[in-house]
Amino acid sequence: SNPDRERGARVTRDMMVRLCSALGDVFNEEDTREFIGNTRIPNERELYGLLVKALIREFESEIGHVATEVQVARESEGENGKGRVDIIFDYRRTSFLVELKVIRASANARFLEEEGSPTRRLVRPWRKAVKQLRELDTTSLGKALKKKVVKLPMAIYLHIDSKKLQDEIPKWQDLSVTTHHNIVNHLEASAYSNETETCYFSYYQSLGRPVMTSKRRDSLVEGIPSVGFYGFTIIAGMPGEK
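Residues numbered from 1 in each chain as written. Predicted model: local features only at pLDDT ≥ 70, side-chain atom pairs only at ≥ 80, totals over all residues. Heavy atoms only, no water.

Q: Account for the overall build of the protein, with residues named and values stated.
A: Along the backbone of the protein there are six helices and seven strands. Across the protein, helices and strands are ordered from the amino to the carboxyl terminus as α-α-α-β-β-β-α-α-β-β-α-β-β. Residues counted as buried form 51% of the 242 residues belonging to the protein. The long-range fraction of contacts in the protein, counting pairs at least 24 apart against all pairs at least 6 apart in sequence, stands at 76%. For the protein, the computed accessible surface area is about 12700 Å², with 46% contributed by carbon and sulfur atoms. (Helix = DSSP H or I, 4+ residues; strand = E, 2+ residues; numbered from the N terminus. Buried < 20%, exposed > 50% of the residue type's maximum accessible area, 1.4 Å probe, protein only. Contact = heavy atoms within 4.5 Å. Areas by Shrake-Rupley, 256 points an atom, 1.4 Å probe, with all protein chains shown as cover.)

This is the structure:
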């Protein structure tokens, strides 16, 4: 739904449609599912590889160089301040600068029934991604970028449920789609009240079947997988300068 009046909107829409579908395929691959099941619910850095894999697989020779954790200057850090942008890649003569946030969103039925207003847990990471990209000084990258540059905040919400066991999740697809609508509704309400930026892109996919994995703090040696991973939501946008 991104407006065509935004610079780079059309190429961004084309790229996002293809990337989201490719990322969904990668998440559903057996080796990906097995790795997540044997480790923990992934964080941002642990998902860089999947994002790069999806980019290369979907776009092949259309994609240019892909770099992660690239040093940049940020206005908020002062004159000599430095930060990092999560991912930079080139597509169709456009450089995309991606700030990625990964959020664990509860897909527990009781939580979804009780949740009635936008929560900081769902909204704050998206707001932070937008803010970080607005403050990014692209001139600090010199000649590394193409003439057209798109700053792309992106948030991946993982639908997880730590309240159920593997044999007690017959309605996991329903819980996943409800979680997606819950996330989008919260973000739209927050944007409507001018608390955060509108997300122009929204994508949802449930997994082919649930993945049982572990919490971030659980031991992989002695622990027993206790978290159901059902699906994911991707949102992205094109933040205007403020």
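Alright, that's what it looks like, and here's the rest.
Q: Please give an account of the packing of helix H5 (residues 120-134) against helix H6 (residues 172-192) that cites residues and values.
A: Two elements in contact, H5 and H6, have axes separated by 9 Å at closest approach and are oriented at 65°. Crossing of H5 over H6 shows right-handed handedness. Counting all contacts with H5, which are made through Leu122, Val123, Trp126 and Arg127, the residues of H6 involved are Asn182, Ile183, His186, Leu187 and Ser190. Considering only residue class, the contact of H5 with H6 consists of five nonpolar, three polar and one charged. (Axes fitted to C-alpha atoms, helices over the stretch in contact; angles between N-to-C directions. Left-handed = near helix turned anticlockwise from the far one by under 90°. Nonpolar A, V, L, I, M, F, W, Y, C, P; charged D, E, K, R; others polar.)

Q: Please provide a residue-by-residue account of the packing of helix H1 (residues 9-28) against helix H2 (residues 30-38), values included.
A: Where H1 meets H2, the axes come as close as 5 Å, and the angle between the chain directions of the two elements is 65°. Where H1 abuts H2, its residues Val26, Phe27 and Asn28 lie against Glu30, Thr32, Arg33 and Ile36. Among the residues forming the contact of H1 with H2, the class breakdown is three nonpolar, two polar and two charged.

Q: Now, about the pattern of salt bridges: what can you tell me, with residues and values included?
A: One pass over the full model with this rule turns up eleven salt bridges. With its nearest N and O atoms 3.1 Å apart, the salt bridge here joins Asp14 to Arg92. Of this pair, Asp14 sits in helix H1 while Arg92 sits in the loop between strand E2 (82-91) and strand E3 (94-106), placing them 78 residues apart in sequence. Judged by its relative accessible area of 46%, Arg92 is partly exposed. A salt bridge links Arg18 to Glu58; its shortest N-O distance comes to 2.9 Å. In this pair, Arg18 sits in helix H1 while Glu58 sits in helix H3 (residues 44-59), placing the two residues 40 residues apart along the sequence. Via salt bridges that share partners, Glu29, Asp31, Lys53 and Arg57 belong to a single interconnected network. (Salt bridge = Lys/Arg side-chain N within 4 Å of Asp/Glu carboxyl O.)

Q: How would you explain the side chain of Glu29 if you had to name every residue and give the values?
A: Note that Glu29 resides in the loop between H1 and H2. Glu29 gets classed as buried once you look at its relative accessible area, which sits at 19%. Ignoring any residue separated from it by four or fewer positions in sequence, one finds Glu29 in contact with Lys53 and Arg57.

Q: Can you break down the packing of aromatic side chains residue by residue, with the values?
A: Under the criterion given, the structure shown has five aromatic pairs. Measuring from ring centre to ring centre gives 5.2 Å for Phe89 and Phe96, while their planes differ by 20°; the resulting arrangement is stacked. The burial state of Phe89 is the same as that of Phe96; both residues are buried. Through a chain of ring-to-ring contacts, the aromatic side chains of Phe27, Tyr203, Phe229 and Phe232 assemble into a single cluster. (Phe/Tyr/Trp six-rings, centres within 6.5 Å; stacked < 30°, edge-to-face > 60°.)

Q: Tell me about the environment of Val17, and please be specific about residues and values.
A: Following the sequence through the fold, Val17 ends up in helix H1. Assessed through its relative accessible area of 56%, Val17 is described here as exposed. Residues Val17 and Ser202 lie 185 residues apart in sequence; the distance between their C-alpha atoms is 9.7 Å.

Q: Tell me about the pairing of strand E5 (residues 148-161), and name the residues and values.
A: Across a regular strand the side chains alternate sides, sitting on one face of the sheet and then on the other. Judged by how many residues are buried, E5 sits mostly within the fold: twelve of 14 residues are covered. Two elements, E3 and E5, share 13 bridges in a ladder whose sense is parallel. For Val98, the partnering residue across the bridge sits in E5 and is Leu152. Here E5 runs beside strand E7 (residues 227-236); their pairing, made up of eight bridges, is antiparallel. Bridge pairing links His159 to Gly231 in E7. (Pairing = 2+ DSSP bridges.)

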